[in-house]
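# Analysis of the macromolecular model
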Amino acid sequence: MSARIEALLKRMTLAEKLGQLSMSAAHDAITGPTEAHDLAQAVRQGTVGSLLNLTGRERTRALQRLAVEESRLRIPLLIGLDVLHGYRTLFPIPLAEAGAFDEALWERTAREAAIEAAADGIALTFAPMLDVARDPRWGRIAESPGEDPWLAARYARAKVRGFQGAELAAADAIAACAKHFCAYGAVCAGRDYAPVDVSERTLHEVHLPAFAAAVEAGVASIMPAFVDVAGVPMTAHRRLLRGWLRDEQGFDGVLISDYHAIAELLRHGVAADLAAAATLALKAGVDIDMMSPAYREGLPVALERGHVTMDEIDAAVRRVLTLKERLGLFDDPYRRGAAPEDAGAIARRRRLAREIATRSVVLLKNARAALPLGAAVRRLCVLGPLADAAAEMGGCWAAAGRREASVSLLEGLRAALPQAELRHAAGVAIDGDDRRGIAAAVALCAGADAILLCLGEAAEMSGEAASRACPELPGEQRALAEAVLEQARANDTPVIAILFSGRPLIVPWLAERADALLAAWFPGTEAGHALADLLTGRVSPSGRTPVTWPRAVGQIPIFFGQRPSGRPADANDRYTSRYLDVPNEPLFPFGHGLGYGRFEYSNLRVTPAIVGARDTIRVCVDLANTGAHAAEETVFLFVRHEVARVARPLLELKGYARIALEPGARGTAQLSLPAAELRYPGPDLVPVFEPGAVEILVGPCADRARLLVGGVRLRA
Ligand code: NOJ
């Protein structure tokens, strides 16, 4: 209890209290209904206590000044923004960054994003986004750490540490907001904002662990998802918000609604008017109403009706003021944004952006040693609508990043290969039906040493409100690719296809016909330099896909953590779990990603053979780099309970290690797995450590055929 906050509470009018519970948007980004009021006036009157979508040091400072110098109680504003993968300097989109499988790096990029945003007066980011996403139709898969709950939990911890730093009050720390609580990734048919209906078990095994991890890491705030889960909108989900989050996990931070979500309870059909909507949200534990009039206008009515109490309102206000206090805003509201950053900080951040971008790109295929481009490469054909598309490189949540400030692939190649002749044509636009540029693009291919075919989506085709029923190459890009592939085959020129996208794209034909295929995702500000580093072989690719790539839309959702079937697929038996028209196997499994080395695994050791819940399992495997280049391998550790009271997934990720080896070198990857992590939610969802045999599977990706198998026995 803070004396300052209690004293303030005593002096506050109802309107001022509700102001602290209301967040308004300045108009830098509009993603929903807008408000009619004069923002500056509302800040002066104390009827708005926090803001979003405001950028720039002068502007944040000017509004903060109104709050602390011209409002009656001088309560500082909480200024938030979606700083998901960078503020001005853009790192790769989260889905890409997840593929680096590097917690230290995830933390460093969040730290740098926080420093940069804080230098502009931002004190809160609506990140990390922790929705486990298994449906590439859903555009928001781009913002997520991918399909795996264990990975999402590791990512959650790293990001919270990075954004919040060691001390939330520090001038370069910002509050994190874990979102979207929960199960938003499971929207029906991948359509954004659609209903979610998942089992209680799936909630506990898949969607809740990342939030538990965020709470454990001390996350300052959490955002309930827009959607309903089995009929109960998350904004009003008392059992999950108050029950699970606050009571069970001990979360005592601030719950911030999503944009206009409290008012949207009317459209969900669970509230008849704003007062009822506000009552549901407040009772569920939501403290801040983002961009809806529900708290401001509805709570006074709810009070009058006796549906909420002043104590309930005070409790929410207390949590909001406590966050402002923890952020140090009462002591010095201008500590963030006090001085512009120096050039050294900006240069350091760009170096990091280049490093993480090189670590995020996934080399999906590399036949005929098409990559790296040899030192002798003289004539390169750089084709496709994403080849020189700086404005797209930032991806879907570009915060305050200046889109055109990113480096396109063409620019990166020019810098890396000043002697080479680079021939460029877009051929077609990203979308649309104009094929007239194809012939000229194909004509450029004659005499080229290699063709780089840069294809994919526009940045705005993923992210919020960007679901795609057919997540394939849009527009006429396939026509361009087919024409180029045809020509290249005739001339025996290698084709390296580079995909820019916010999701895995369904491109089995391209994966088959291109010599090399890279998933660049959206690599951020340093896109072109990072890709040039990889293509030229200055750096060996090491990114791994954190999400399974389907070969057909009908396979979705497809993920490695599926449970077994009583009738597992058998090509010789019709009555088994399979499709008549496509294989069950994905185009690329989770974890897949090549480098310029070639790793061979041998000699898996798992000790001890029998473990209790307090023991640690040690897993070692030998690796040899039999390729011609130095490279880094990510070694995955999966487990499988052979027999349990509840059928367990065919593979569960429980660890990874990275090992770098020179060509011809050998090494050992060592992983340790606390046996307690083999607990799972038992038949009644209470975690159990069930005696029995557990397979330990180690290898390069979630393809059982490529894993070495050992095992342990769990004892009671
Ligand atoms: C809506 C999105 O769902 C959420 O992720 C974001 O933080 C808010 N808008 C604010 O921009």
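As the structure is a prediction and not an experimental result, all values here were calculated from the model. In every chain, residue numbers begin from 1 and rise along the written sequence. Per-residue local features of the predicted model are confined to residues with pLDDT of at least 70, and side-chain atom pairs are confined, for both listing and counting, to 80 or more; whole-chain, interface and lining totals are unaffected and use all residues. Only hydrogens and water are set aside; all other atoms, that is, all heavy atoms of the structure, feed into the side-chain values.

## Thoughts on the environment of E421
- Only DSSP runs of H or I with at least four residues qualify as helices, and only runs of E with at least two residues qualify as strands; both kinds are numbered from the N terminus onward. Mapped onto the elements, E421 comes out in strand β13 (residues 421–425).
- Counting along the chain gives 42 residues from E421 to R379, while the straight-line C-alpha distance between them is 4.7 Å.
- Contacts: residue pairs with any heavy atoms within 4.5 Å of one another. Non-local contacts of E421, meaning those with residues more than four positions away in its chain, are made with R378, R379 and L380.
- Side-chain polar atoms of E421 contact the side chain of R423, separated by 2.8 Å. Here a polar contact is recorded for every N or O atom pair within 3.5 Å, except that within protein the pair must consist of a potential hydrogen donor and a potential acceptor, and residues adjacent in sequence are included only if both atoms are side-chain atoms.

## Concerning the site of the ligand
- Any residue with a heavy atom positioned within 4 Å of a molecule or strand is treated as near that molecule or strand. The local shell around the ligand holds 14 residues, among which D82, R140, K179, H180 and D258 are the closest.
- Note that an oxygen atom of the ligand is positioned 2.5 Å from one of the side-chain N or O atoms of D82.
- H180 is positioned such that a nitrogen or oxygen atom in its side chain is 2.6 Å from an oxygen atom of the ligand.
- The protein chains hide 100% of the 300 Å² of surface that the ligand would expose on its own.
- Residue classes in the shell around the ligand are distributed as seven nonpolar, two polar and five charged. Computed by Shrake-Rupley with a 1.4 Å probe, the accessible areas treat only the displayed protein chains as cover when residues are assessed. Gly is placed with the polar residues, together with every amino acid not listed as nonpolar (Ala, Val, Leu, Ile, Met, Phe, Trp, Tyr, Cys and Pro) or charged (Asp, Glu, Lys and Arg).

## Some remarks on the packing of aromatic side chains
- Stacked, tilted and edge-to-face are the three classes assigned to paired rings of Phe, Tyr and Trp, where Trp is represented by its six-membered ring and a pair needs centres within 6.5 Å; plane angles under 30 degrees give stacked, over 60 edge-to-face, the rest tilted. Taken as a whole and assessed by the stated rule, the structure comprises 16 aromatic pairs.
- Relative to Y155, the ring of W106 lies with its centre 5.4 Å away and its plane at 70°, an arrangement referred to as edge-to-face. With a gap of 49 residues between them, W106 in helix α6 (residues 103–118) and Y155 in helix α7 (residues 149–164) connect regions that are remote in the sequence.
- Burial here depends on accessible area, computed with a 1.4 Å probe over protein chains only, as a share of the maximum for the residue type. Under 20% is buried, over 50% is exposed, and the range in between is partly exposed. Assessed through its relative accessible area of 0%, W106 is described here as buried.
- With a relative accessible area of 2%, Y155 lands in the buried category.
- Only when the NZ atom of a Lys or the CZ atom of an Arg is both within 6 Å of the ring centre and within 35 degrees of the ring normal do we say a charge sits over the ring. Geometry around Y334 places R61 over its ring, the cationic atom sitting 4.6 Å from the centre.
- When the ring centre of F559 is taken as origin, the NZ or CZ atom of R134, which lies over that ring, is 3.9 Å away.

## What to know about the pattern of salt bridges
- Whenever a carboxyl oxygen of Asp or Glu lies within 4 Å of a side-chain nitrogen of Lys or Arg, that contact is scored as a salt bridge. In the structure shown here, the tally under the stated rule is 57 salt bridges.
- Across the pair E103 and R154 runs a salt bridge, and its minimum N-O distance is 3.3 Å. With E103 in helix α6 and R154 in helix α7, this residue pair connects regions lying 51 residues apart in the sequence.
- Judged by relative accessible area, R154 falls into the partly exposed class, the value being 24%.
- The salt bridge involving R468 is made with E457; its shortest N-O contact spans 2.6 Å. Here the residue R468 occupies a position in the loop between β14 (450–456) and α18 (477–491), and E457 occupies one in the loop between β14 and α18, the gap between them amounting to 11 residues.

## Examining the sheet that holds β13
- A strand pair is defined by DSSP finding two or more bridges across the two strands. Within the open sheet, the six strands sit side by side as β11-β16-β15-β14-β12-β13. Their pairing is mixed. Strands at the two margins of the open sheet, each flanked by one partner only, are β11 (362–366) and β13. The sheet shows a mean angle of 15° between the axes of neighbouring strands, direction not considered.
- Sheet topology places strand β15 (residues 495–500) next to strand β16 (residues 516–519); four bridges connect them, and they run parallel. The residue bridging A497 from the neighbouring strand is L517, located in β16.
- All axes here are fitted lines through C-alpha atoms, helices being fitted over the stretch that makes contact, and every angle between N-to-C directions spans 0 to 180 degrees. Against the sheet, helix α16 (residues 409–416) makes contact with β12 (379–383), β13, β14 and β15, and its axis sits at roughly 170° relative to β13, the strand it touches most.

## Quick notes on the packing of α6 against α7
- Where α6 meets α7, the axes come as close as 7 Å, and the angle between the chain directions of the two elements is 35°. At the point where α6 passes α7, the crossing takes the right-handed sense. Across the interface between the two elements, E103, W106, E107, T109, A110, R111, A113 and A114 of α6 pack against L151, R154, Y155, A158, K159, R161, G162, F163 and Q164 of α7. Take the far helix as your reference; a near helix turned counterclockwise from it by less than a right angle gives a left-handed crossing, and one turned clockwise gives a right-handed crossing.

## Structural notes on the sheet that holds strand β2 (residues 50–52)
- As summarised here, the arrangement of the eight strands in space is β9-β6-β5-β4-β3-β2-β1-β10, forming an open sheet in which the pairing is parallel. Two strands bound the open sheet, and with one partner strand each, they are β9 (254–255) and β10 (289–290).
- Both strand β3 (residues 78–81) and strand β4 (residues 124–125) contribute to a ladder of two bridges, which runs parallel. Within β4, the position partnered with G80 by the bridge is L124.
- Relative to strand β5 (residues 175–181), helix α10 (residues 238–248) is tilted by about 135°, and along the sheet it contacts β5, β6 (221–224) and β9.

## Thoughts on the nonpolar core
- Definition of nonpolar core: a set of buried residues of the types Ala, Val, Leu, Ile, Met, Phe, Trp, Tyr and Cys, connected through side-chain atoms within 4.5 Å. By size, the foremost hydrophobic cluster in this structure holds 222 residues, and its most contacted members are F181, L299, I496, I498, L510, L535 and F638.
- When residues in this core are grouped by element, the largest group, nine residues, is from α7.
- Once you skip the residues sitting within four places of it in the chain, L535 turns out to touch L371, P372, L373, L409, L413, L452, I496, I498, L518 and Y596.
- Ranked by size, the runner-up nonpolar core spans 27 residues in total, among them F599, A631, V639 and V694.

## Focus on the environment of H641
- Mapping H641 onto the fold places it in strand β20 (residues 631–641).
- Separated by 607 residues in the primary sequence, H641 and T34 have C-alpha atoms spaced 51 Å apart.
- If we skip the residues at most four places from it in the chain, H641 touches R648, E652, L678, Y680, A693, V694 and L714.
- There is a polar contact of 3.2 Å between the side chain of H641 and the backbone oxygen of L678.

## Section: the pairing of strand β19 (residues 616–625)
- Across the 10 residues that make up β19, a large majority, eight, are buried.
- Pairing of strand β17 (residues 599–607) with β19, which is carried by seven bridges, proceeds in the antiparallel orientation. Bridging across to β19, T607 finds its partner in R618.
- Here β19 pairs with strand β22 (residues 666–674) via nine bridges, running antiparallel. When the bridges of β22 are listed, D622 appears paired with T668.

## Structural notes on the pairing of strand β21 (residues 652–661)
- The buried fraction of β21 is high, at eight of 10 residues.
- Of the strand pairs in this sheet, β20 and β21 are connected by nine bridges, and their pairing is antiparallel. From the neighbouring strand, T634 faces β21, where its bridge partner is R658.

## A short note on the domain arrangement of the protein chain
- Domain delimitation follows an automatic or database domain assignment. As far as domains go, the protein chain holds domain 1 (3–326), domain 2 (356–544) and domain 3 (599–714).
- Each partner contributes to the interface: domain 1 provides 37 residues, whereas domain 2 provides 34 residues.
- Taking both partners together, domain 1 and domain 2 bury about 2800 Å²; carbon and sulfur atoms supply 61% of that area.
- Here domain 1 and domain 2 share one salt bridge between them.
- A salt bridge links D102 to R359; the nearest nitrogen and oxygen atoms lie 3.2 Å apart.
- At the surface where domain 1 touches domain 2, the tally comes to 19 residue pairs in polar contact (both at pLDDT 80 or more).
- Listing elements by their share of the side of domain 1 that touches domain 2, those giving two or more residues are α5 (94–98) and α6.
- With three residues, α5 is the single largest residue contributor to the side of domain 1 that touches domain 2.
- Its residues placed into classes, the side of domain 1 that touches domain 2 shows 19 nonpolar, nine polar and nine charged. Buried area adds together the accessible area that both of two parts lose upon being put together, with accessible area traced by a 1.4 Å probe.

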